[in-house]
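# Notes for the structure review
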Amino acid sequence: MSSRPTAATSTVDHAPTTARPAFVWTALVLVYVLWGSTYLGIRVAVESLPPLASAAMRFAAAAGVLALVLRLRRGRGALRVDRRQLGSAALVGVLLLAGGNGLVVLAESGPAGVALPSGIAALLVATVPLLVVLLRTLGGDRPRLWTFAGVALGFVGLVLLVLPTGGPGSVPVVGALTVVVGATCWSVGSYLSGRIRMPADPFVATVYEMVAGAAALTVLTTVRGELRDFSPAQVTGRSWAALLYLMVAGSLVAFTAYVWLLHHAPISLVATYAYVNPVVAVALGALFAAEPVTTQVLLGGAVIVAGVAVVVSTERPSRSVDRAAREAVRR
């Protein structure tokens, strides 16, 4: 999952500094394409890797690399946080990465007819901004009327997408519901990250989130017995390559580009990733994995993306996702 921050998660004003348009659009393309491609990367990785174990390896490796970079650039105290900040980051990491990303990985694993296509997974994860709006409302916030209209429209698309048709290419319901639960975990983690005491630096917070997520995924891997009969010799080269791609492109490069954008581009522009990523994921799944793009997928997906676009465009432009940068390590 691809990992995914949303403009609905924070209430801190954001005034971006000036940057060359070419740099801004380069960073945006990286976020659009790399995060959109992680769903296909997950599908390839779990072809021969245990699903939760692969996710644990991904986040453990990415955490190690990011921690090393911070240590080399900032010195010995780069990762220092207090116990409360550590506990908050760990909680958010478990919700986002073990609950959110882990369930997406599980949904995309398994034989044909059971595994959820990567493009469908991305469309379902796109409902995260809609879920966060509902959590904000329960917490006492009062989003605009058009924001609620966008939420309603998005959930209509969700129903259209997962509605059983009985025909070929219909969406696996169990896998779809698994991703919806994962999106709910991601939304709760996103919501809490702006309301509990987190490490001030998003990169430091991300290190601890990934460590906590990897630890939780390792425990779940053991409970499920994923490694009982596993042998590294069974893993194909393409699965190892996909896992490496997820570590580098999804968890490091795209994340860095996203954090840079938070400080150099209008949030209304940065937030467009929320409805561009699913389109990229569906296109890549169709092109490189022969995933069916049925009328149901096109209709349900279009309605979901339209709902997310309405929510993003009607949120006040001054709302910042600075805190949400901690959630950017995806899927």
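Residues numbered from 1 in each chain as written. Predicted model: local features only at pLDDT ≥ 70, side-chain atom pairs only at ≥ 80, totals over all residues. Heavy atoms only, no water.

### Overview of the packing of helix H6 (residues 145-162) against helix H12 (residues 295-314)
- Contact geometry of H6 with H12 gives a least axis separation of 7 Å together with a crossing angle of 165°. Comparing their axes, H12 and H6 come out roughly antiparallel. For the element pair H6 and H12, the recorded crossing hand is left-handed. Contacts between H6 and H12 involve Trp146, Thr147, Gly150, Val151, Leu153, Gly154, Val156, Gly157, Leu158, Leu160, Leu161 and Val162 from the first element and Gln296, Val297, Leu299, Gly300, Gly301, Val303, Ile304, Ala306, Gly307, Val310, Val311 and Thr314 from the second.
- Of the residues belonging to the contact of H6 with H12, the class tally is 15 nonpolar, nine polar and no charged. (Axes fitted to C-alpha atoms, helices over the stretch in contact; angles between N-to-C directions. Helix = DSSP H or I, 4+ residues; strand = E, 2+ residues; numbered from the N terminus. Parallel < 35°, antiparallel > 145°, perpendicular 65-115°, else oblique. Left-handed = near helix turned anticlockwise from the far one by under 90°. Contact = heavy atoms within 4.5 Å. Nonpolar A, V, L, I, M, F, W, Y, C, P; charged D, E, K, R; others polar.)

### Focus on the environment of Val211
- Relative to the elements of secondary structure, Val211 occurs in helix H8 (residues 202-224).
- Through-space distance from the C-alpha of Val211 to that of Ala56 is 8.9 Å; in sequence the pair is 155 residues apart.

### Remarks on the environment of Ala19
- Within the secondary structure layout, Ala19 lies in the segment before helix H1 (21-45).
- Here Ala19 falls in the partly exposed class, since its relative accessible area comes to 22%.
- When the C-alpha positions of Ala19 and His263 are compared, they lie 9.2 Å apart, and in sequence the two are 244 residues distant.
- If we ignore the near neighbours within four places in the chain, the residues touching Ala19 are Val24, Trp260 and His264. (Buried < 20%, exposed > 50% of the residue type's maximum accessible area, 1.4 Å probe, protein only.)

### Details of the nonpolar core
- Ranked by internal contacts, the top residues of the largest apolar core, which has 93 residues, are Leu66, Leu116, Leu124, Val179 and Leu261.
- The element that contributes the greatest number of residues to this core is helix H9 (residues 237-264), accounting for 13 residues. (Core = buried A, V, L, I, M, F, W, Y, C linked by side-chain atoms within 4.5 Å.)

### Details of the packing of aromatic side chains
- Per the stated rule, a full pass over the model turns up four aromatic pairs.
- Ring plane angle 75° and centroid distance 5.8 Å describe the contact between Tyr258 and Tyr273, whose orientation is recorded as edge-to-face. On the criterion of sequence distance, the pair formed by Tyr258 in helix H9 and Tyr273 in helix H11 (residues 273-289) is long-range, its members being 15 residues apart. Here Tyr258 matches Tyr273 in class, with each residue buried. (Phe/Tyr/Trp six-rings, centres within 6.5 Å; stacked < 30°, edge-to-face > 60°.)

### A word on a nonpolar patch on the surface
- On the surface, Leu30, Leu244, Val248 and Val253 cluster together into a nonpolar patch covering about 300 Å² of accessible area.
- Counting residues per element, the nonpolar patch draws most heavily on H9, at three residues.
- Looking at Val253, the relative accessible area reads 35%, which means it is partly exposed. (Patch = residues over 30% accessible without salt bridge, like charges linked within 9 Å, V, L, I, M, F, W, Y side chains within 5 Å. Areas by Shrake-Rupley, 256 points an atom, 1.4 Å probe, with all protein chains shown as cover. Salt bridge = Lys/Arg side-chain N within 4 Å of Asp/Glu carboxyl O.)

### As for H6
- If you check H6, its first and last C-alpha atoms are 26 Å apart, about what 18 residues at 1.5 Å a residue would give, namely 26 Å.
- For H6, every residue scored as buried is listed here: Thr147, Gly150, Val151, Gly154, Gly157, Leu158 and Leu161. Buried residues of H6 fall within an arc of 125° about the axis and therefore sit on the same side.
- On its buried face, H6 is in contact with helix H4 (118-125), helix H5 (128-138), helix H7 (173-193) and H12. (Expected span 1.5 Å × (residues − 1). Arc of directions from axis to C-beta.)

### Observations concerning H11
- Relative to the 24 Å expected for 17 residues at 1.5 Å per residue, H11 spans 22 Å between its end C-alpha atoms, a close match to the ideal helical length.
- Within H11, burial applies to Tyr273, Ala274, Asn277, Pro278, Val280, Ala281, Val282, Leu284 and Gly285.
- Where H11 is buried, its residues contact H1, H4, H5, H9, helix H10 (267-270) and H12.
- Two residues or fewer after H11 comes Ala290, characterised by a positive phi angle close to 55°.

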